[in-house]
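So you can see what is in the structure, the chains are spelled out below.
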Amino acid sequence: MKPLAAVLCSLCLIAGSAAAGETATIEGANAMSKPEDIRTVAPALEQYAREVVLGNLWKRPGLARRDRSIVTIAALIARNQTVELPYYLALALDNGVTAAEISEIITHLAFYTGWANAMDAIPAARDVFASRGIGADQLPPASGPRLPLDEVAETQRATRVFEQFGRITPSLVQYTTDVLFRDLWLRPGLAPRDRSLVTVSALIATGQVAQITYHLNRAMDNGLTSEEAGEVLGHLAFYAGWPNAFSAAPVVKDVIEKRPR
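Residues numbered from 1 in each chain as written. Predicted model: local features only at pLDDT ≥ 70, side-chain atom pairs only at ≥ 80, totals over all residues. Heavy atoms only, no water.

1. A few points about unusual backbone geometry
Link 1 in the chain: Positive phi is not limited to glycine here, since asparagine 80 has a value of about 55°.
Link 2 in the chain: Along the chain, asparagine 80 turns up in the loop between helix H4 (65-78) and helix H5 (85-94).
Link 3 in the chain: Judged by its relative accessible area of 34%, asparagine 80 falls in the partly exposed class. (Helix = DSSP H or I, 4+ residues; strand = E, 2+ residues; numbered from the N terminus. Buried < 20%, exposed > 50% of the residue type's maximum accessible area, 1.4 Å probe, protein only.)

Shown next as structure tokens:
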């Protein structure tokens, strides 16, 4: 069992070791606060962390711990909050997220949260991988076979986007079709359902509510349940703030209510 202090750090947005049972330092990174330091400044925060986040949130059955790790990593990278990233990456590995999936999550978020955010996540992932003995042989290749493409659905999507924006920004439309939907989304290193979960989490975490309808519908087509979608909102309230969660809530509600039962 992990020491209580380490678990508090991992689950309560406070400090912790980079892997269970060990302490790792990332050179050049800001040090994360320790639980005892939190108590000297904000004892109520430490109590909320221990009793609510640790004692309840991560134990809720509506979303698997593996999924909660994926959601949390997506939120931290999307918000460029790299101080806590080493621990959460290690926790994700402990919760069953593979190194190949973490690699794909970082790559995917370069497109959905910006290149710099993905690049800023690289040092943390590099050091966690090194501490676990994870080498290039465990990571997905840069190129290779892709998942099958739903040609009908993709043609409809591409046509709709071209009609709306083709004359205004042909480069955006072309890259969206050629790079995102005909390449990135077809990479087999991350299951479509998990890739959608990463995307929806990042959109909620950064307040990009206009994009949620399309991507949440896609996520549910890919296997995300309505209960899981609701739990993502509750989880992200802690990791991205209540305003972002509640700004997304009406959109999530609308998508769920309009889907065929």
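Picking up where we left off.
2. Observations regarding the packing of aromatic side chains
Link 1 in the chain: The tally for this structure, following the rule as stated, stands at seven aromatic pairs.
Link 2 in the chain: Ring centres of phenylalanine 111 and tryptophan 115 lie 5.2 Å apart, and the angle between their planes is 80°; this geometry places the pair in the edge-to-face category.
Link 3 in the chain: By relative accessible area, which is 30% here, phenylalanine 111 ends up partly exposed.
Link 4 in the chain: Seen from their ring centres, phenylalanine 238 and tryptophan 242 are 5.0 Å apart, and the 75° between their planes marks the pair as edge-to-face.
Link 5 in the chain: Exposure remark for tryptophan 242: the relative accessible area of 44% places this residue in the partly exposed category.
Link 6 in the chain: Through pairs of rings, three or more aromatic residues link up here, namely Tyr112, Phe181, Trp185 and Tyr214.
Link 7 in the chain: Positioned over the ring face of tryptophan 185 is arginine 218, at 4.3 Å from the centre of the ring. (Phe/Tyr/Trp six-rings, centres within 6.5 Å; stacked < 30°, edge-to-face > 60°. Lys NZ or Arg CZ within 6 Å of the ring centre and 35° of its normal.)

3. Quick look at the side chain of asparagine 95
Link 1 in the chain: Structurally, asparagine 95 is set in the loop between H5 and helix H6 (99-113).
Link 2 in the chain: At a separation of 3.5 Å, a polar atom in the side chain of asparagine 95 contacts the side chain of arginine 65.
Link 3 in the chain: Dropping the residues within four chain positions of it, asparagine 95 is found in contact with Trp58, Arg65, Arg66 and Ser69. (Polar contact = N/O pair within 3.5 Å; in protein donor to acceptor, adjacent residues only side chain to side chain. Contact = heavy atoms within 4.5 Å.)

4. Re the packing of helix H11 (residues 212-221) against helix H13 (residues 242-258)
Link 1 in the chain: Put simply, H11 and H13 touch, their axes get as near as 10 Å, and they point 50° apart. With respect to each other, H11 and H13 are oriented oblique. Classified by chirality, the crossing of H13 by H11 is right-handed. Only Ala248, Val251, Val252, Val255 and Ile256 of H13 make contact with H11, whose side of the interface consists of Ile212, Thr213, Leu216, Asn217 and Met220.
Link 2 in the chain: Class assignment of the residues belonging to the contact of H11 with H13 gives a composition of eight nonpolar, two polar and no charged. (Axes fitted to C-alpha atoms, helices over the stretch in contact; angles between N-to-C directions. Parallel < 35°, antiparallel > 145°, perpendicular 65-115°, else oblique. Left-handed = near helix turned anticlockwise from the far one by under 90°. Nonpolar A, V, L, I, M, F, W, Y, C, P; charged D, E, K, R; others polar.)

5. Quick word on helix H8 (residues 151-165)
Link 1 in the chain: Spanning 15 residues, H8 covers 21 Å between terminal C-alpha atoms, matching the ideal 21 Å at 1.5 Å per step.
Link 2 in the chain: When H8 is considered as a whole, its buried residues turn out to be Glu154, Arg157, Ala158 and Val161. Each buried residue of H8 sits inside an arc of 95° when the element is viewed along its axis, so together they form one side. In H8, the exposed residues that point more than 90 degrees away from the buried face are Val152, Gln156 and Glu163.
Link 3 in the chain: For H8, the secondary structure elements touched by its buried residues are helix H9 (170-181) and H11. (Expected span 1.5 Å × (residues − 1). Arc of directions from axis to C-beta.)

6. Observations regarding the nonpolar core
Link 1 in the chain: Formed by 57 residues in total, the largest nonpolar core has its most connected members in Leu85, Leu89, Ile102, Ile204, Ile212 and Leu216.
Link 2 in the chain: Only H4, H5, H6, helix H7 (115-131), helix H10 (192-205), H11, helix H12 (226-240) and H13 provide two or more residues apiece to this core.
Link 3 in the chain: In contact with isoleucine 204, not counting residues within four places along its chain, are Ile212, Val232, Leu233, Leu236, Asn244, Ala245 and Ala248.
Link 4 in the chain: Core analysis: the next-biggest nonpolar cluster, separate from the first, contains five residues, Tyr112, Leu180, Phe181 and Trp185 among them. (Core = buried A, V, L, I, M, F, W, Y, C linked by side-chain atoms within 4.5 Å.)

7. Regarding the environment of tyrosine 214
Link 1 in the chain: Of note, tyrosine 214 is situated in helix H11.
Link 2 in the chain: Residue tyrosine 214 is classed as partly exposed on the basis of its relative accessible area of 31%.
Link 3 in the chain: When the C-alpha atoms of tyrosine 214 and valine 200 are compared, they prove to be 9.5 Å apart, with 14 residues separating the residues in sequence.
Link 4 in the chain: Ignoring sequence-local partners within four residues, the contact set of tyrosine 214 consists of Arg157, Arg160 and Phe181.

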